[in-house]
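Listed here are the chains, written in short residue letters.
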Amino acid sequence: MNIILFGPPGAGKGTQGDYLVKDFNLFKISTGDLLRKEIDNKTSLGNEIKSIIERGSLVSDNITNRLIENVLSDKKYYNRLIFDGYPRTINQTQKLDEMIIKYDQKISCVLSLKVDQEIVTKRILGRQICSKCGLIFNKFFNPPKVVENKCEHDLTTRSDDNVDIIKKRFKTYHQETLPILSYYQKQNLLHEIDGMKEIGIIYKEIGGIIKGLDTWLYIIYLYNEQ
């Protein structure tokens, strides 16, 4: 089962995706993570990506599609992917359809998280990421603390987490990405979810959607809830 998580910056796609990975033994593919990996490796492509992101613009479809296809072509991820932040344009959507067919896979559902821009801006500005264990915190809503794995949390923030870039990303999202919802709605794949609810409530709603898609996966979900 492949799932697409949809929503504007800071909508909580990453958090919900992490839960799905844990409970259903899936793999989350974040274009942001793939792009940052290129930047961290300081490749020529990574330097180009860094410049684009710092301007608050979207990386070209060709670059993004190439990174996604590298994952889809790996048999380890066959029909076990959660797409977080992809596709973002109609061109990417159509390219994903082509790649899904090429590698004999399917998109099971598209989950769209609807949120309030003002609250989400605060979510993003407060976002803190542990460079050691990878957990995501928020200094306003979910302050960091020592957890079961006893990580002391070396917290970092993203260079693109600032007000001006956030506003630009929201504008880009509404202009270029929202039309994709109607594309998937016509395919009866779209499920819209109130992303302003508590994280646990949102995830239970997602679990109910999965129940309608795959009974066996839902049994696994219920087992992990116990």
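All figures in this text were calculated on a predicted structure; none of them were measured in a lab.

**Student:** What should I look at first to understand unusual backbone geometry in this one?
**Tutor:** A negative phi holds for most residues other than glycine; trans holds for most peptide bonds. Following Tyr-86, the chain continues into Pro-87 via a peptide bond in cis, with omega recorded as 0°. Checked against the element boundaries, Pro-87 lands in the loop between strand E3 (81-84) and helix H5 (90-102). Backbone geometry at Lys-42 places phi at a positive 55°, although glycine is not the residue there. Tracing the backbone shows Lys-42 in the loop between helix H2 (31-40) and helix H3 (44-54). Among the residues examined, Lys-42 registers a relative accessible area of 66% and is labelled exposed.

**Student:** Would you explain the packing of aromatic side chains in this entry?
**Tutor:** Describing an aromatic ring pair means giving the distance of the ring centres and the angle of the ring planes. This structure, assessed with the given rule, holds five aromatic pairs. Note on Tyr-19 and Tyr-203: the rings are 5.2 Å apart at their centroids and 50° apart in plane angle, and the pair reads as tilted. Here Tyr-203 lies in helix H9 (residues 199-213) and Tyr-19 lies in helix H1 (residues 13-24), a separation of 184 residues in the sequence. For Tyr-19, a relative accessible area of 35% translates into the label partly exposed. On the basis of an interplanar angle of 90° and a centroid distance of 5.3 Å, the ring pair of Tyr-183 and Tyr-184 is categorised as edge-to-face.

**Student:** Would you explain the sheet that holds strand E5 (residues 127-130) in this entry?
**Tutor:** Strand pairing in a sheet is mediated by backbone hydrogen bonds. Such pairs are either parallel or antiparallel. The three strands lie next to each other as E6-E5-E7, forming an open sheet whose pairing is antiparallel. In this open sheet, the two strands that pair with only one neighbour each are strand E6 (136-138) and strand E7 (155-156). Where E5 meets E6, three bridges bridge the pair, whose relative direction is antiparallel. Following the sheet pairing, Ile-129 is matched in E6 by Ile-136.

**Student:** I keep staring at the pattern of salt bridges and nothing clicks. Help me out?
**Tutor:** Close approach of charged atoms allows side chains of opposite charge to pair. Counted by the stated rule, this structure contains five salt bridges. Of the charged contacts, one joins Asp-33 and Arg-36 as a salt bridge, the two residues approaching to 3.1 Å between their closest N and O atoms. With a gap of three residues between them, Asp-33 and Arg-36 both fall in helix H2, about one helical turn apart. The salt bridge partner of Lys-95 is Glu-98, with a shortest N-O separation of 3.8 Å. Of this pair, Lys-95 and Glu-98 both sit in helix H5, three residues apart, which is roughly one turn of that helix.

The rules behind these values
Residue positions are counted from 1 within each chain, in the order its sequence is given. Local features in this predicted model are restricted to residues of pLDDT 70 or higher, and side-chain atom pairs are both shown and tallied only at a pLDDT of 80 or more, whereas totals for entire chains, interfaces and linings draw on every residue. Only hydrogens and water are set aside when side-chain values are computed; all heavy atoms of the structure are taken into account. Strands are runs of DSSP state E lasting at least two residues, helices are runs of H or I lasting at least four, and both sets are numbered from the N terminus onward. Classification of residues uses two cut-offs on accessible area relative to the type maximum, computed with a 1.4 Å probe and protein chains only: under 20% is buried, over 50% is exposed, and between them is partly exposed. Only rings of Phe, Tyr and Trp enter the pairing, Trp through its six-membered ring, and a pair is recorded when the two centres are within 6.5 Å. The plane angle decides the type: under 30 degrees is stacked, over 60 is edge-to-face, the rest tilted. In short, DSSP must find at least two bridges between two strands for them to pair. Within this document, salt bridges are pairs made up of a side-chain nitrogen of Lys or Arg and a carboxyl oxygen of Asp or Glu, the two lying within 4 Å of each other.

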